[in-house]
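Overview (structure and organization)
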Amino acid sequence: MNEETTKNAGIRGTIDLAPRDPPSISDLTDRVHLLPCSIKLDGPSEISHYFKPRDTEVVVDGLSVKEAYFRGRKLLGATVPIPEGFKGYVLDKKKLKKGKITESLEGDFGQWESRAEFGNITYWNHDTHPSADDPLLRCFHWFSVADALHKPITTEELASYSTASEKAQT
Amino acid sequence: MSSVLGPMVYGCLYCACSYQKTLSSLNFADSKTLKEEKREELFENLKVDNCIGWEVDVIDPRELSAKMLRKLKVNLNEISHNSAIGLVRRVINMGVLLTEVYVDTVGDAEKYQIKLSEIFPGVKFVVSKKADSLYPVVSGASIVAKVTRDRALRDWVPDETADNMHTNFGSGYPGDPETKAWLEHHKHSLFGFPTLVRFSWGTCTPYFKDSVEVLWEADKEDEEGSRNGNGKRQLKLSNVGFTGYKRKTEDIESSGKGRCKFFQARRLELVSSFL
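Here we summarise the structure given alongside this text. (Residues numbered from 1 in each chain as written. Chains lettered and ligands numbered in written order. Predicted model: local features only at pLDDT ≥ 70, side-chain atom pairs only at ≥ 80, totals over all residues. Heavy atoms only, no water.)

**With respect to the overall build of chain A**
When its secondary structure is counted, chain A shows six helices and ten strands. Expressed as a percentage of the 170 residues in chain A, the buried residues total 30%. At a minimum sequence separation of 6, the contacts of chain A that also span at least 24 residues come to 64%. Accessible surface for chain A amounts to roughly 11,200 Å². Of this, 54% is attributable to carbon and sulfur atoms. (Helix = DSSP H or I, 4+ residues; strand = E, 2+ residues; numbered from the N terminus. Buried < 20%, exposed > 50% of the residue type's maximum accessible area, 1.4 Å probe, protein only. Contact = heavy atoms within 4.5 Å. Areas by Shrake-Rupley, 256 points an atom, 1.4 Å probe, with all protein chains shown as cover.)

**A few points about the pattern of salt bridges**
Residue and element names in this part refer to chain B. Applying the stated criterion to the full structure yields 18 salt bridges over all chains. Residue R62 pairs with D159 through a salt bridge whose shortest N-O separation is 2.5 Å. Linking R62 in helix 3 (residues 61-68) with D159 in the loop between helix 7 (136-154) and helix 8 (177-186), this pair joins segments that are 97 residues apart in sequence. On the basis of relative accessible area, R62 is assigned to the buried category, the value being 13%. (Salt bridge = Lys/Arg side-chain N within 4 Å of Asp/Glu carboxyl O.)

**Some points on the side chain of D49 of chain B**
All names here are of chain B. Relative to the helices and strands, D49 is located in the loop between helix 2 (36-48) and strand 2 (52-59). Buried charged residue D49 carries no salt bridge. Nearest counter-charge: K38, at 13 Å. A distance of 2.9 Å separates a polar atom in the side chain of D49 from the backbone nitrogen of C51. With sequence-adjacent residues up to four places away left out, D49 is seen in contact with Y19 and L26. (Lys, Arg positive; Asp, Glu negative; His and termini not counted. Polar contact = N/O pair within 3.5 Å; in protein donor to acceptor, adjacent residues only side chain to side chain.)

**Quick notes on helix 3 of chain B**
Buried residues dominate helix 3 of chain B, accounting for six of its eight residues. Regarding helix 3 of chain B, the residues found buried are P61, R62, L64, S65, A66 and M68 of chain B.

**Points about the sheet that holds strand 5 (residues 54-60) of chain A**
Backbone hydrogen bonds are what pair the strands of a sheet, in a parallel or an antiparallel way. Residue and element names in this part refer to chain A. Pairing is mixed across the open sheet formed by five strands, whose spatial order is 3-10-7-6-5. Each end of this open sheet is capped by a strand with a single partner; those strands are strand 3 (33-34) and strand 5. With four bridges connecting them, strand 5 and strand 6 (residues 63-70) associate as antiparallel partners. Its bridge partner being in strand 6, V60 is matched across the sheet by L63. (Pairing = 2+ DSSP bridges.)

**Overview of the environment of W54 of chain B**
All names here are of chain B. Topologically, W54 is positioned in strand 2. Under the relative-accessibility criterion, W54 is labelled partly exposed at 26%. Spatially, the C-alpha atoms of W54 and E44 are 12 Å apart, while their sequence positions differ by ten residues. When near neighbours in sequence (up to four residues on either side) are disregarded, W54 contacts C12, L13, Y14, F43, L46, K47 and V144.

None of this, on its own, says anything about what the molecule does.
As structure tokens, this is what we get:
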């Protein structure tokens with residue numbers, strides 16, 4: 001993100017991930033679902049009364065498959081942890097003193113803060129079993145690729161790389 | 001068949017060929033023409049009749065809707081054919097020596113007969129329209145199926161736990177005022193209906209008028225498919241009014257379009273503004 005911000009000069013904004021009010025921060029672990037459809041609704045609904053995921057006996061690529069139905073369609077999904085060192089956040093526009101939302105100027109991210117956190121996500125496919133080939137799971141590859149590309153190299157690493165390049169790769 | 005609520009049930013009845021005459025004296029008739037009490041009575045009678053065997057295939061409404069709304073849609077005829085084939089196979093596997101099978105047709109009778117004969121070469125199939133009023137054995141099977149379905153609906157325990165739900169389903173047929181009232185009362189702007197409802201039925205469409213728009217990738221493919229002249233009939237059956245006016249892939253998910261392969265495969269898009 002940092003890299004992109006500097007590249008696209010003019011795009012500015014802040015995201016405050018520190019819990020605004022530490023004791024009351026909501027932990028949404030086990031409660032975040034990603035559905036394979038776009039729902040044109042932004043607001044609360046009686047999810048737990050209508051959306052009833054069930055465990056199946058099926059395991060694919062080490063993922064315990066769950067099933068659920070939404071609007072007549074069968075969904076197959078799995079709960080996966082957010083990779084170690086990372087966390088999921090629900091962001092909200094930062095409220096200013098008068099309860100006003102920060103203005104977002106053109107090319108501006110605005111100011112955001114974390115409202116809730118989550119340690120896993122349950123994602124659902126329409127009809128197809130979840131597998132390691134699913135885009136969401138493959139997204140997590142980016143973390144290690146990003147590390148390899150952007151993590152500053154320490155002088156020790158540099159030294160060991162020049163002496164034994166193979167070792168440094170592993 | 002045209003019930004909008006509950007499981008869909010296919011039934012079969014089997015007996016010795018020599019028993020057919022007796023069968024016609026049991027007053028079986030097309031189950032739809034009989035009163036509920038009469039059907040129940042006939043069902044209880046045939047259950048205790050040692051000369052008659054019967055089987056049912058109960059298709060859960062969730063599975064039914066899901067199949068018809070799948071990415072690769074399965075139409076109702078196919079579901080019905082597969083159910084009948086399953087029943088025939090089940091009876092054969094029990095060791096019953098089937099020689100003649102009478103089937104009420106779904107779709108084109110001749111094609112259906114050929115399909116069945118190819119799967120079960122040793123069996124003579126008679127496939128016809130209105131078989132349930134022409135052949136007592138089919139009438140009997142229709143009673144078994146109807147009674148099983150009615151009981152399943154009566155005893156249905158909904159998955160949903162919303163407070164306002166009740167189980168006065170009526171008959172489950174769309175013309176029934178009680179069923180209509182139940183549908184009206186149980187429609188939900190986000191979830192559509194409880195899973196007891198066969199979502200894929202055209203009867204449901206008017207109830208979804210004011211519901212929240214939900215876009216599915218499968219519908220997009222569907223639309224493209226029908227434009228190419230494929231799957232026209234299935235689309236009509238399953239187009240339940242949930243589909244949007246303007247469908248854009250971007251609305252459904254990120255694509256990573258225009259980025260290198262690594263990002264495209266993972267559908268990782270660069271976000272340059274938040275809303």
